[in-house]
Structure formats: structure tokens, C-alpha cells
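# Examination of the molecular architecture
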Amino acid sequence: MSYQVLARKWRPKSFAELIGQEHVVRALSNALEQGRLHHAYLFTGTRGVGKTTLARILARCLNCEAGVSAKPCGICPACQQIEAGRFVDLIEIDAASYTGVDNMREVLENAQYAPTAGRYKVYIIDEVHMLSKNAFNAMLKTLEEPPAHVVFVLATTDPQKVPVTVLSRCLQFNLKQMPPGQVANHLRTVLDGEGIAYEPGALNLLARAAAGSMRDALSLTDQAIAYGSGEVHEQPTRDMLGTVDQAYLLPLLEALADADGPRLMREAEAIAERSLSFDAALQDLALLLQQMALAQTVPDAVADDVPERARLCALAERTGPETVQLYYQIATLGRRDLELAPDEYAGFTMTLLRMLAFAPAGEIRFAAAKPKVVGASAPIGSVQIAAQAAPAIATVAAFDGDWFALSRRLTGGVKQLAALCEMADHGANFLKLRLPADQKSLLDSLGEKLKAALRKLLSPAVRIEFELGATSGAAPAEIVGRQQAARQAEAEASVMNDPFVQTMVRDFDATVTNIKPIGEPAP
Ligand SMILES: [Zn+2]
């Protein structure tokens, strides 16, 4: 018995069957019913959302023998041939494999001739952004003066790469990615229709893995059916997709809610011991937090089949909405920074410790430094270092009185102004800077910016004052000037005392013109 893949078997044949693109369907249906036809349509959207499917339905609407309408009959020869992919007046081109101008010119020359069987010649050009510049030019000529019987339907995942001259001649529709809930619903319809047994949790997993693409969701469902010997159950699907029940992360969130640092680190170690991907763990953590936020605002929206729903809702009750938002942000940023971390385990624990540092609970317990070895990929020091570093977040860097060092941490114009100032006075939360009176205009234009930059480096509360007056040589620019002069003198002396240079000057009348110290640091 031949098996037809689900994505093909369940490909929508009419607007009514198309899932999740109601806005496009409505606009196209109205245009068709009112006879307001356009010569070129552009469908944009990520892969698998139904661009070419929509294009083929449109081709049926235009060529159905019952007449142009939004509801083609589906049984006339034109409808059936379009469905089977052998209608002579439907020309489908995959630009990804067909970019040359000669091909395009050949195809377009034929556009001039009247359709053979249908009412319209429909050109579907998929991945149109892949066409060469010359091919676009050839197409543009036809688009500028389109024969009445020609309709172009262009599809692309990357409209930015389509020349604006082409874009401006197209009626553009953006197809949306489908939310997992909608995809899961459709999978339910498909499996009910096929008479295949399933567990709802499995469909949620498949829908999430498909990331907005119905085609991918149906292909994955095909695989899940094969993997599960004809049925789609949650655990085999999870195994097939390589995903782990998100519930394994609940103990982490519970440790955070208890502000229990040692337990948090033990849970992180447990994840390392199971050799799970830290990237996937942070992604799952963000999803769990999203579910928690949902539980806090729209409890009914949390699906009944979410694993450990009761535990999740209990956590949502214990954690403030702002904290959930903050944790979510820390998790997504932590995932982004994972590749910059010394190693993935350090990046993962640092992300958890950052959450702990921001936990609203008054008292945060940290382990007495007694780290355990948790596996080759987890260096013994990382737990210890991270645990010590974490409490520093949120505390303010104290000004140690080293104005020179502080001024070097600035950038841009305010760094130049700072270089001209010397420290006249300072206290725990106070800094007075003095600069020469002839720099007043620079102070007027950049003084407030310098204050803001220093407050950013020190503390928002620090008070900064300026006074005009003669400096005593302690301004960073003066210090650097003296250092440069000393290095220059040293360089000149060393060159002029060099026996080879002395010989050149004495015996060959050479002149030394330009001496620079080696490795001159940037001012
Ligand atoms: Zn028909």
C-alpha cells in the first residue's frame, strides 16, 4: 500500500482549508468576488507557512471552469489538473534552481501568447529573491506592460532582496507564522481524519518543534507515526525530537523561589550530569517562565496537558510578575551570551546566579565554598567563582580616588573633557573636578554628559561639581603629556647614542629626521 505523506495529502485545496492566514484569504476573496484582479501578487513569510499552497489555490480561483471566484469547484478538469500539477497554463518556477536570464527570458517570451486551456496564464515563482539581476530585469519588462491574461504570483522568504522596482508592482501579502496552539489543533484534525491514535501532549511537542511551519509539523508527525509504530504518544515523540520534559527545570525555579543558592547549584550540577544541552535548557527555562507569566495573568490559557501544570501554577503564585519577567529576560540574554561564556556550564550557572542575585527575597543563602567536581566539562572553579561574583551585581562600584584610572574608562568626547580635568576634591559620594578657565566652552557643551557618564560608572547618586581654575599638573592629559615627553626624550637619546646612527651621521652626513618611541600607546 502506498503511503502519501500528510503534508501532501492534507495540503489545503481551498481558501476555507487554509489555516491561520485569514487576513490574506479575506483580502484575496474580496478581490476575486469583486473582479478586482491584480497582475502580480507577492506572498512573503517564513518557510512552510503556505505561500505556494496559497498561490496554487489562487491559480484554481482564476482558472476554474465554473468562473473566476473565491470558491473554485474542485472537480472541473482545470481544478483537477492544477491540483495534480499538470495544468498547461500554470507555470511553476523555483528561482532557487533557476536563476539565469536566458531561462527567464524564454519563459517570459511565452507569456505574450494567449493561454492554451485556461483563462489566465499563472506564473508562480517561488523563492523569487534568488533570481539574478538580469532575470529580474527581464521580468520587470513583462510586469511593466503585462498582457491581460498573465498573473504573476511571487513567493519569497526574503522580500528585502527583491528589487523595489518589482516590489512596487506587486500586491503584497505577508503570511503569518502559526502559533503552536493552532498547529496542534490542526494536527488533531489531521490525525482524527486519518484515524490515528495520539496523546495531546505529543501534538503540543510536535507543534512547538515545527516553529510556526505547518509543513514541518506535518512532516514531523509523519516521522512520529513511523517512530511510534502507527500511533503518536508523548514519550516516544519526545525521544524522537530529542526534547526533555521541561518539568526537569521546575526544581531550578523552586530553588530560586526559595532563594536557596546551594540547592540551585545542585540542580545545575544534576543537569550537567545528565549531559543535557545548556542552550536547550535555557530555552526551555524561558518557555516555562512564559507559561508562568501566562498562569499569572490568564490562568485558563495554560493548557491542561502542560506537564506538571499544578506545580507550575503553584510556582506562578509564589513568584511576583516582575520577577518572572526579569527571569525571562535573564534566561534569553543568558542564552545569547552562552557562546561568549568561558564554557557553557559557567554561562549556564552564571545565568542562574544572576537570577538569584536579583531574587526579591531578602536573604540569599550561598554555599560555604566547597565545590564538587561534576564532570569534565564543568571546571571545579566555576561554581565557586560564580557564587562569589554574583552578589557584586547590583552593588555600586566605589570610587577609590584614582581619577586618572576612572577617566581612562570613559569614551568619546567626554573622555577628552575628563582628560583636561584634575580632581580637586572627593568624598564617598562626591567628586569635584577642576579645569582651566579657557576650557569653559568645552565644559558648557559636554559637562552634563560627563556627569552622566561618570554616574553610570560610579553610582546614579554621586554628586559631581566643576570649578574653573589653574590645574596643578594632575589632569590626565597633563600626566599623559609628561609621560609622552619622557618617552620621546628617551627614544631620541637611545637613537642618537646608537653607534650605527653616529657613524651614519658622522661619515655619511646623514640627518635624523623623525624619532618615535616604539609601541607608542594611544593617547
Ligand atoms: Zn473548477
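In case you missed it, the structure is sitting above this.
Keep in mind that this is a model prediction, so the values were computed, not measured.

Analysis parameters
- Residues numbered from 1 in each chain as written.
- Predicted model: local features only at pLDDT ≥ 70, side-chain atom pairs only at ≥ 80, totals over all residues.
- Heavy atoms only, no water.
- Pairing = 2+ DSSP bridges.
- Helix = DSSP H or I, 4+ residues; strand = E, 2+ residues; numbered from the N terminus.
- Axes fitted to C-alpha atoms, helices over the stretch in contact; angles between N-to-C directions.
- Contact = heavy atoms within 4.5 Å.
- Parallel < 35°, antiparallel > 145°, perpendicular 65-115°, else oblique.
- Left-handed = near helix turned anticlockwise from the far one by under 90°.
- Nonpolar A, V, L, I, M, F, W, Y, C, P; charged D, E, K, R; others polar.
- Buried < 20%, exposed > 50% of the residue type's maximum accessible area, 1.4 Å probe, protein only.

## Brief notes about the sheet that holds strand 5 (residues 171-174)
If you trace the 5 strands from one edge of the open sheet to the other, you get 2-3-4-1-5, paired in parallel fashion. Looking along the sheet, the strands with just one partner apiece sit at the ends: strand 2 (90-94) and strand 5. For this sheet, the mean angle separating the axes of adjacent strands, direction not counted, is 15°. Relative to strand 3 (residues 121-126), strand 2 runs parallel, the two being bridged by 5 bridges. Looking at strand 3, one finds that Ile-91 is bridged to Tyr-123. Docked against the sheet, helix 6 (residues 133-144) engages strand 1 (40-44), strand 3 and strand 4 (150-156), running at close to 135° with respect to strand 4.

## Some words on the packing of helix 13 (residues 261-273) against helix 17 (residues 344-357)
Relative to each other, helix 13 and helix 17 sit at 155°, their axes nearing to 11 Å. Classed by the angle they form, the pair helix 13 and helix 17 counts as roughly antiparallel. The handedness of the crossing between helix 13 and helix 17 is right-handed. Along the contact surface, helix 13 presents Gly-261, Leu-264, Met-265, Ala-268, Glu-269, Ile-271 and Ala-272, while helix 17 presents Tyr-345, Phe-348, Thr-349, Leu-352, Leu-353 and Leu-356. A breakdown of the residues in the contact of helix 13 with helix 17 according to their chemical character gives 10 nonpolar, 2 polar and 1 charged.

## Looking at the side chain of Ser-29
Checked against the element boundaries, Ser-29 lands in helix 2 (residues 22-33). Those residues in contact with Ser-29 that lie beyond four places of it in its chain are Phe-15 and Ala-70.

## Let's talk about the packing of helix 16 (residues 321-337) against helix 17
Between helix 16 and helix 17, whose axes approach to 10 Å, the crossing angle comes to 160°. Taken together, helix 16 and helix 17 sit at an angle that is classed as roughly antiparallel. As for the relative orientation of helix 16 and helix 17, their crossing is right-handed in sense. On helix 17, the residues touching Tyr-327, Ile-330, Ala-331 and Gly-334 of helix 16 are Thr-351, Arg-354 and Met-355. Tallied by class, the residues present in the contact of helix 16 with helix 17 amount to 4 nonpolar, 2 polar and 1 charged.

## Looking at unusual backbone geometry
A positive phi angle is found at Ala-211, which is not glycine, with a value near 50°. Its location among the elements puts Ala-211 in the loop between helix 9 (200-209) and helix 10 (214-227).

## Focus: the sheet that holds strand 7 (residues 430-435)
Within the open sheet, the 3 strands sit side by side as 6-7-8. Their pairing is mixed. Looking along the sheet, the strands with just one partner apiece sit at the ends: strand 6 (422-427) and strand 8 (463-468). Averaged over neighbouring strand pairs, the angle between their axes works out to 20° when direction is ignored. Note: strand 7 against strand 8, 6 bridges, orientation parallel. Directly across from Leu-435, in strand 8, lies its bridge partner Leu-468.

## Considering helix 12 (residues 250-257)
Of all the 8 residues making up helix 12, 7 are buried; the element is thus mostly covered by neighbouring parts of the structure. Considering only its buried residues, helix 12 is in contact with helix 13, helix 14 (278-297), helix 15 (309-318), helix 16 and helix 17. One or two positions beyond helix 12, positive phi appears at Ala-259, with a value near 50°.

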